[in-house]
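Spelled out, the chains give:
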Amino acid sequence: MLKFSKYLLLFGLLSSFQSLKAQEKPNVVFIYCDDLGYGDISCNGATKISTPNIDRIAKAGIRFTNSHATSSICTPSRYALLTGEYPWRKQGTGIAAGNAGSIIDENQFTLADVFKGAGYKTGVVGKWHLGLGGPNGPDWNGYIKPSPNDLGFDYSYIIPATPDRVPCVYVENHHVANLDPKDPLKVSYDAPLTDLPIGREHPELLKMMLSSNQHAETIINGISRIGYMSGGKSAWWKDETMADEITEKGSDFIKKNKDNPFFLYFAIQDVHVPRAPSPRFVGKSGLGPRGDAILELDYNTGKILNLLDSLNLTENTIVMFSSDNGPVLDDGYKDDAVEKLNGHTPGGLMRGGKYSKFDAGTRMPTLIKWPAEIKPNQVSDALFSQLDFFASFASLTKQSLPQNSAPDSQDMLKVLLGKSKQGRENVVEQSMSKGLSLLSGDWKYIAPSKGPAIMKDKNMETGILGKAQLYNLKDDIGETTNLAAQYPEKVEKMAITLKEIEAAHPHKN
Ligand code: NG6
Ligand code: CA
């Protein structure tokens, strides 16, 4: 009997040792959406739209209420996420053209490298928007380098820039996917390439009408885009199947790697313009295509969660959910986003949105679950930045970081696991107009800057020009009352802190 229980004890010890081992290397799936606002999901208070699958993540883990992208636009936020460096430290991190060269240096240590160093298989599917190839951009018809595969990812299947920008093709690892060499792909952001119609000349060919001239160039799939392209027809994407295809590629990556630790950066394009979700969702939200795209996003989030369930991976997989910048309604296409809003508040209680200096621009929906380690149903108001995933995952996977890498990332592992609510002391927010703001404790300081960002959408103001602004977010989360004149010392102190942060780690290249 004694012998038997001894074995039992030994067995118990061994299995707990093994599970501890496994928990050092949980799988990580990071669902990073595009232009989704804090208030766009029902677990953050949306009442006009329901997102039950996204809410599953919140229920099973932590919902963060004060977590930030570094910027209110895409490229810099994604740069910061993958490098742990404030994007404004480096030149050329603004919204990237579709033929831009790689913004991340090939020898820069990335978030994917952290996981790779820990023995993970790493993959990115979805929107990249960080440039490809050398300084003159990629060779679309040849071997593309650097691609994400040169930046720490073992596998990539990406939209090179944005869905509203050419080229309208996917890049898989180092090549344009499904390209027929007999029909080479040409891309230009300067000169029109003459053989394909362009939106501003052929509105009769458009299935999505334009609300401004920003997408008035090459028409692909009845939608005109930013930039010119021609050729490569066999490789063209179809907007209506894009989310399904990305989800399928992500699912394939998970299935293929189910027996080893993996990191999947699942950068789904919803709910960026052009909003052309699958017909399955059209008309279903009652809020027009933007709402329908949110339903599509929720559905595909559910697909990923269900896949993890069916593969028995849920327990030891971290699922994180966030967005690259705040919401925008009318962003150049007539898609009823304003007309059918129906009282929905994409930015939650915050003011502003995409491009903006106000908090809806960078305060992001942020959810995390990891059943093996994180207790369900938590809400955390800790100040967190997407910069911090880098150092936190290095800490989780016990990786030390090379010198000068991820200079702005802080180890917030305890916060991410719900074991502490002691977040950052401060975070810097960047707007489209490159204006910087500092959030610290209850206070937000917006530095005077030349501004303004382009903003035609009257519901999403961009900021006040030329003057310092100070808001107490505890009393005034909607940033309605500028207290700068009332607290000049606070303004001065925060301005100095911001300058100090700016000067702290010059970009090294
Ligand atoms: C802007 C585009 C907008 C969108 C955005 C990128 C104009 C006037 N506007 O410059 O349509 O493409 O860039 O969005 O061209 S983001 O989410 O990738 O930052
Ligand atoms: Ca975006």
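Residues numbered from 1 in each chain as written. Chains lettered and ligands numbered in written order. Predicted model: local features only at pLDDT ≥ 70, side-chain atom pairs only at ≥ 80, totals over all residues. Heavy atoms only, no water.

Student: Can you break down the site of ligand 1 residue by residue, with the values?
Tutor: Around ligand 1, 19 residues are found, and the nearest of them are Cys74, Asp164, Arg165, Gln214 and Lys354. At 2.7 Å from an oxygen atom of ligand 1 is found a side-chain nitrogen or oxygen belonging to aspartate 164. Relative to its unbound accessible area of 450 Å², ligand 1 is 87% covered by the protein chains. A per-class count over the shell around ligand 1 returns six nonpolar, six polar and seven charged. (Near = heavy atom within 4 Å. Polar contact = N/O pair within 3.5 Å; in protein donor to acceptor, adjacent residues only side chain to side chain. Areas by Shrake-Rupley, 256 points an atom, 1.4 Å probe, with all protein chains shown as cover. Nonpolar A, V, L, I, M, F, W, Y, C, P; charged D, E, K, R; others polar.)

Student: Please give an account of the coordination of the calcium ion (ligand 2) that cites residues and values.
Tutor: Surrounding the calcium ion (ligand 2) are the protein donor atoms Asp34 (OD), Asp35 (OD), Asp324 (OD), Asp324 (OD) and Asn325 (OD1), which sit 2.2 to 2.7 Å from the metal. Here the calcium ion (ligand 2) binds six donor atoms, and the angle range of 51 to 171 degrees at the metal identifies the geometry as irregular. (Donors = N, O, S within 2.8 Å, 3.2 Å for Na, K, Ca; no water. Tetrahedral: all angles 85-135°; square planar, octahedral: opposite > 155°, others 65-115°.)

Student: A description of the sheet that holds strand 12 (residues 262-267) should follow, citing residues and the corresponding values.
Tutor: On the basis of which strands lie adjacent, the open sheet formed by 10 strands has the order 7-6-5-4-12-1-13-14-2-15 and mixed pairing. The open sheet terminates on both sides in strands that have one partner only, identified here as strand 7 (175-176) and strand 15 (378-380). Bridge analysis of strand 1 (residues 27-33) against strand 13 (residues 317-323) gives seven bridges, and the strand direction is parallel. Bridge pairing links phenylalanine 30 to methionine 320 in strand 13. Contacts from helix 3 (residues 74-83) reach strand 1, strand 4 (121-127) and strand 12, with the element oriented near 165 degrees to strand 1. (Pairing = 2+ DSSP bridges. Helix = DSSP H or I, 4+ residues; strand = E, 2+ residues; numbered from the N terminus. Contact = heavy atoms within 4.5 Å. Axes fitted to C-alpha atoms, helices over the stretch in contact; angles between N-to-C directions.)

Student: Go over the environment of lysine 207 with me, naming the residues and quoting the values.
Tutor: By secondary structure assignment, the location of lysine 207 is in the loop between strand 8 (186-188) and strand 9 (219-220). The partly exposed category is assigned to lysine 207, whose relative accessible area is 48%. A C-alpha to C-alpha distance of 6.2 Å links lysine 207 and isoleucine 223, two positions 16 residues apart in sequence. Each residue touching lysine 207, except ones within four places of it in the same chain, is listed here: Asn221, Gly222, Ile223 and Glu240. For lysine 207, the side chain forms a polar contact with the side chain of asparagine 221, separated by 3.0 Å. (Buried < 20%, exposed > 50% of the residue type's maximum accessible area, 1.4 Å probe, protein only.)

Student: Hey, could you go over the packing of helix 5 (residues 242-256) against helix 6 (residues 289-310) for me, with residue numbers and the actual values?
Tutor: Across the interface, helix 5 lies against helix 6 with an axial gap of 10 Å and an inter-helix angle of 15 degrees. Between helix 5 and helix 6, the crossing angle belongs to the class labelled roughly parallel. Relative to helix 6, helix 5 is oriented so that their crossing is right-handed. Where helix 5 approaches helix 6, its residues Ala243, Asp244, Thr247, Ser251, Ile254 and Lys255 are matched on the opposing element by Glu296, Asn300, Lys303, Ile304, Leu307 and Leu308. Taken together, the residues that form the contact of helix 5 with helix 6 break down as five nonpolar, three polar and four charged. (Parallel < 35°, antiparallel > 145°, perpendicular 65-115°, else oblique. Left-handed = near helix turned anticlockwise from the far one by under 90°.)

Student: Requested: an account of the domain arrangement of the protein chain, with residues and values cited.
Tutor: Domain boundaries assigned for the protein chain yield domain 1 (25-185 + 231-416) and domain 2 (427-503). Placing the centre of domain 1 and that of domain 2 at their C-alpha centroids yields a distance of 26 Å. On the domain 2 side, the residues contacting the 33 residues of domain 1 number 34 residues. Regarding the contact of domain 1 and domain 2, the summed buried area is about 2800 Å², with carbon and sulfur atoms giving 58% of it. Per-residue buried area on domain 1 facing domain 2 is highest for Trp88, Arg351 and Lys357; these three make up 30% of the total on that side. (Domains from an automatic or database assignment. Buried area = accessible area lost by both parts, 1.4 Å probe.)

Student: Any chance you could break down the sheet that holds strand 19 (residues 443-446) for me, citing the residues and the numbers?
Tutor: Read from one edge to the other, the open sheet built from four strands follows the order 17-18-19-20, with strand pairing classed as antiparallel. Only two strands of the sheet have a single neighbouring strand rather than two, namely strand 17 (426-430) and strand 20 (469-472). Within the sheet, the average angular offset between the axes of one strand and its neighbour, ignoring direction, is 15 degrees. Of the strand pairs in this sheet, strand 19 and strand 20 are connected by four bridges, and their pairing is antiparallel. Opposite isoleucine 446, over in strand 20, you have glutamine 469 as the bridge partner.

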